[in-house]
Amino acid sequence: MKEDNLQNLEREQFGDNFRWGVSTAAYQIEGAFDADGKGLSIWDVFTNKRGKVKDRHHGQIACDFYNCFQGDINLIKQLNIPDFRFSVSWSRILPEGTGKINQSGIDFYKRVIDFCLESGITPWLTVYHWDLPHVLEQKGGWTNRDVVNWFSDFTSICAQNFGDTVKHWMVMNEPSVFTGAGYFMGIHAPGRRGMGNFAPAIHHTALSIAEGGRILRSNLPDAEIGTTFSCTHIEPYSHSSRDHAAATRADALLNRLFIEPVLGLGYPVNDLPVLRKLEKHIKPGDEAKLAFDFDFIGLQNYTREIVKSSFFTPYIGARLVKAEKRKVPITTMGWEVYPSAIYHILKKFDAYPQIRKIIITENGAAFPDTVEEGSVRDEKRVKYLQDHIAQVLKAKQEGCKVAGYFVWTLTDNFEWAEGYHPRFGLIYVNFETQERIVKDSGKWFRNFLKS
Ligand code: IFM
């Protein structure tokens, strides 16, 4: 898209029905980790271990959204953002993972939802954003097939308690990240490693996504039901057939592993033969159970990756060529700033006839923001958002079935293994005082949404 088109970027170009929002997740913002009967989650336990999270940061207080939610929802309103995506903490609702409901947990989310509705903001609820109850991890977590039943019960409880007021649902957030980082690489909670953990975690998560969809649909026939996936635009390092094959394997792992089973296409075993290791966890009848016809698919894109063949990388035979080494512009996360990635991802998934509607459920960037004279002049983030929204518009104008865009994220928050260092928010948070300052990016988004 040309620069002059960018200057003219206006909300109206997307049409009246296009959804605009901001996304968050319970553990990253709520704090109040043991308040009012909440049980521990795997992130409460993981952050307590030495060497897991930078500077031993944790989410015990985070943005104190548990106590500050009214102020934060007021800020969403001030920024003219119509839709608010948040997740519910499983261990706040079911401290033991299953069984007895903690009514205070239910009441908290009801207060959040009601306050959104009173403020004219539409709530979008994610059932699971990575914070499994610790007691369930002690029983094997996502490697134990019983998790499908535990998750189903939790999903039913959410549907029954919040379904009368919440009309937009997402079953899970980025399954490839929490299974890959948490059960293969050990860099996210619960910190497990290896294929012996990863393979069952993949299959039980995939079954739970589809089952969660079925439970929400049967309880809430009028609700719009989706689930979200992380997607990275992948390019081979060179024209060599080895690098092309490596890029195909990386694409199967990072982009197709969870989406294709949901769409009824099964796991991408042909392009990623190591997925044969899932076979011993697949029971008769499972293949059909993996599919569910979601109303929308949430795609979350931040960057692209360049992939090189690597004989020494087990299972996948491919490695990512770090953006830092490629001398390209990067964010605090070390991710390349490459706006057309979101366009390529939209085109890629638009080509699947099984997908009815796409929503960009996350996109955003972390940069090293500073407060000067009470302001945060984050022009890199303003440009990042403008350039990415322009790419979404380009895809939409070419007929892509994209129907919404949510910024990651509202306030600076706990960025998992990176702690509080990366700041992704439209709103700056002073974590000592909990003061909020709307950044220039927040002001830009407010004006864009008003237009
Ligand atoms: O903070 C995360 C979020 O929890 C899931 N998607 C990517 C974001 C940025 O890393």
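Here the structure is shown first, and the text comes after it.
An account of the accompanying structure is given in this report. (Residues numbered from 1 in each chain as written. Predicted model: local features only at pLDDT ≥ 70, side-chain atom pairs only at ≥ 80, totals over all residues. Heavy atoms only, no water.)

This part covers the overall build of the protein chain. A count of helical and extended segments in the protein chain gives 17 helices and 13 strands. Here the protein chain has a C-alpha radius of gyration of 21 Å; the compact-globule value for 451 residues is 22 Å, and the two agree. Dimensions of the protein chain, computed from C-alpha atoms along their principal axes, come out at roughly 55 × 55 × 45 Å. Relative to all contacts within the protein chain whose residues are 6 or more apart in sequence, the contacts with residues 24 or more apart total 76%. Taking the average place of the 54 positive charges on the side chains of the protein chain and the average place of its 54 negative ones, the gap between the two points comes to 5 Å. (Helix = DSSP H or I, 4+ residues; strand = E, 2+ residues; numbered from the N terminus. Rg over C-alpha atoms; globule rule 2.2 N^0.38 Å. Contact = heavy atoms within 4.5 Å. Lys, Arg positive; Asp, Glu negative; His and termini not counted. Charge placed at Lys NZ, Arg CZ, Asp CG, Glu CD.)

Time to look at the nonpolar core. In a soluble, globular protein the nonpolar side chains are often hidden away together inside. Ranked by internal contacts, the top residues of the largest apolar core, which has 136 residues, are Trp43, Trp90, Ile93, Trp142, Phe162, Trp169 and Phe445. Looking at this core element by element, the count peaks at 10 residues for helix 10 (residues 195–219). Here Trp90 is in contact with Gly97, Tyr128, Asp131, Leu132, Pro133, Leu136, Trp142, Trp150, Phe151 and Phe154, once residues within four sequence places are set aside. Grouped together as the second largest cluster of nonpolar side chains are six residues, Met170, Phe296, Ala403 and Phe406 included. (Core = buried A, V, L, I, M, F, W, Y, C linked by side-chain atoms within 4.5 Å. Buried < 20%, exposed > 50% of the residue type's maximum accessible area, 1.4 Å probe, protein only.)

The strand order 1-2-3-4-5-7-10-11 describes a closed barrel built from eight strands, whose pairing is parallel. In this sheet, neighbouring strand axes are inclined to one another by 25° on average, regardless of whether the strands run parallel or antiparallel. In terms of strand pairing, strand 4 (residues 168–172) meets strand 5 (residues 224–230) through three bridges, oriented parallel. When the bridges of strand 5 are listed, His168 appears paired with Glu224. Sitting on the sheet, helix 9 (residues 175–183) touches strand 3 (122–128), strand 4 and strand 5, and the angle it makes with strand 5 is about 45°. The strands that helix 15 (residues 340–350) touches are strand 7 (296–300), strand 10 (358–362) and strand 11 (402–408); relative to strand 10, the one it contacts most, it runs at about 140°. (Pairing = 2+ DSSP bridges. Axes fitted to C-alpha atoms, helices over the stretch in contact; angles between N-to-C directions.)

As a further point, take the pattern of salt bridges. When the charged atoms of two side chains with opposite charge come close together, those side chains can pair. Applying the stated criterion across every chain, the model contains 27 salt bridges. A salt bridge links Arg304 to Glu235; the shortest N-O distance between them is 2.9 Å. Taken together, the residues span a long stretch of sequence, with Arg304 in strand 8 (residues 304–309) and Glu235 in strand 6 (residues 233–236) at a distance of 69 residues. Take Arg304: its relative accessible area is 12%, and that puts it in the buried class. What makes Glu235 partly exposed here is its relative accessible area of 22%. A salt bridge links Asp378 to Arg381; its shortest N-O distance comes to 2.7 Å. For the pair Asp378 and Arg381, one class covers both residues: buried. Residues participating in the shared-partner salt-bridge network are Asp369, Asp378, Arg381, Asp412, Arg423 and Lys439. (Salt bridge = Lys/Arg side-chain N within 4 Å of Asp/Glu carboxyl O.)

Okay, the layout of surface pockets next. In this structure, the second largest pocket encloses a volume near 190 Å³. If you trace the second largest pocket, you find it lined by Phe367, Pro368, Asp369, Thr370, Glu372, Val376, Arg377, Asp378, Glu379, Lys380 and Arg381. (1 Å grid on protein atoms, 1.4 Å probe; cavity = no way out; pocket = protein on both sides within 12 Å on 5 of 7 lines; lining within 4 Å. Points joined across faces, edges and corners; volume = space filled by probe spheres on them.)

The full set of residues close to the ligand is Gln28, His129, Trp130, Asn173, Glu174, Tyr302, Trp335, Glu362, Trp408, Glu415, Trp416 and Phe424. Glu174 is positioned such that a nitrogen or oxygen atom in its side chain is 2.9 Å from a nitrogen atom of the ligand. At 2.6 Å, a side-chain N or O of Glu415 approaches an oxygen atom of the ligand. When the ligand is considered free in solution it has 280 Å² of accessible area, and contact with the protein chains removes 95% of it. Counted by class, the shell around the ligand contains six nonpolar, three polar and three charged residues. (Near = heavy atom within 4 Å. Polar contact = N/O pair within 3.5 Å; in protein donor to acceptor, adjacent residues only side chain to side chain. Areas by Shrake-Rupley, 256 points an atom, 1.4 Å probe, with all protein chains shown as cover. Nonpolar A, V, L, I, M, F, W, Y, C, P; charged D, E, K, R; others polar.)

Let us look at empty space enclosed by the protein. Evaluated as defined, the whole model comprises four cavities of 30 Å³ or more. By volume, the largest cavity is sized at about 60 Å³. In terms of lining, the largest cavity is formed by Ala26, Tyr27, Glu30, Gly31, Phe33, Lys38, Asp44, Gly59, Ser89, Arg92 and Asp131. Taken together, the residues of the lining of the largest cavity break down into three nonpolar, three polar and five charged. Here the second largest cavity defines a volume of roughly 50 Å³. Lining the second largest cavity, in full, are Pro175, Ser176, Phe229, Ser230, Leu253, Leu254, Asn255, Leu257 and Phe258. When residues of the lining of the second largest cavity are traced back to their parent elements, those giving at least two are helix 9, strand 5 and helix 11 (241–256). With three residues, the top contributor of residues to the lining of the second largest cavity is helix 11. Considered class by class, the residues forming the lining of the second largest cavity number six nonpolar, three polar and no charged.

Turning to unusual backbone geometry, a few remarks are in order. Residue Ala189 is joined to Pro190 through a cis peptide bond whose omega torsion reads 10°. Its place among the elements puts Pro190 in the loop between helix 9 and helix 10. Each neighbour pair has its own omega, and for Trp408 with Thr409 the value is 20°, a cis peptide bond. Relative to the helices and strands, Thr409 resides in the loop between strand 11 and strand 12 (427–430).

Along its 16 residues, helix 8 (residues 147–162) runs 22 Å from first to last C-alpha, staying within 8% of the 22 Å computed at 1.5 Å per residue. Extensive coverage of helix 8 is indicated by the burial of 13 of its 16 residues. (Expected span 1.5 Å × (residues − 1).)

In total, this model carries 46 aromatic pairs according to the counting rule given. Relative to Trp142, the ring of Tyr128 lies with its centre 5.2 Å away and its plane at 65°, an arrangement referred to as edge-to-face. Placement of the pair is Tyr128 in strand 3 and Trp142 in the loop between helix 7 (134–137) and helix 8, with a sequence separation of 14 residues. Assigned by exposure class, Tyr128 and Trp142 land together as buried. Ring geometry for Trp130 and Trp416: centres 4.6 Å apart, planes at 40°, overall tilted. Of this pair, Trp130 sits in the loop between strand 3 and helix 7 while Trp416 sits in the loop between strand 11 and strand 12, placing them 286 residues apart in sequence. Grouping residues by exposure puts Trp130 and Trp416 together as buried. (Phe/Tyr/Trp six-rings, centres within 6.5 Å; stacked < 30°, edge-to-face > 60°.)

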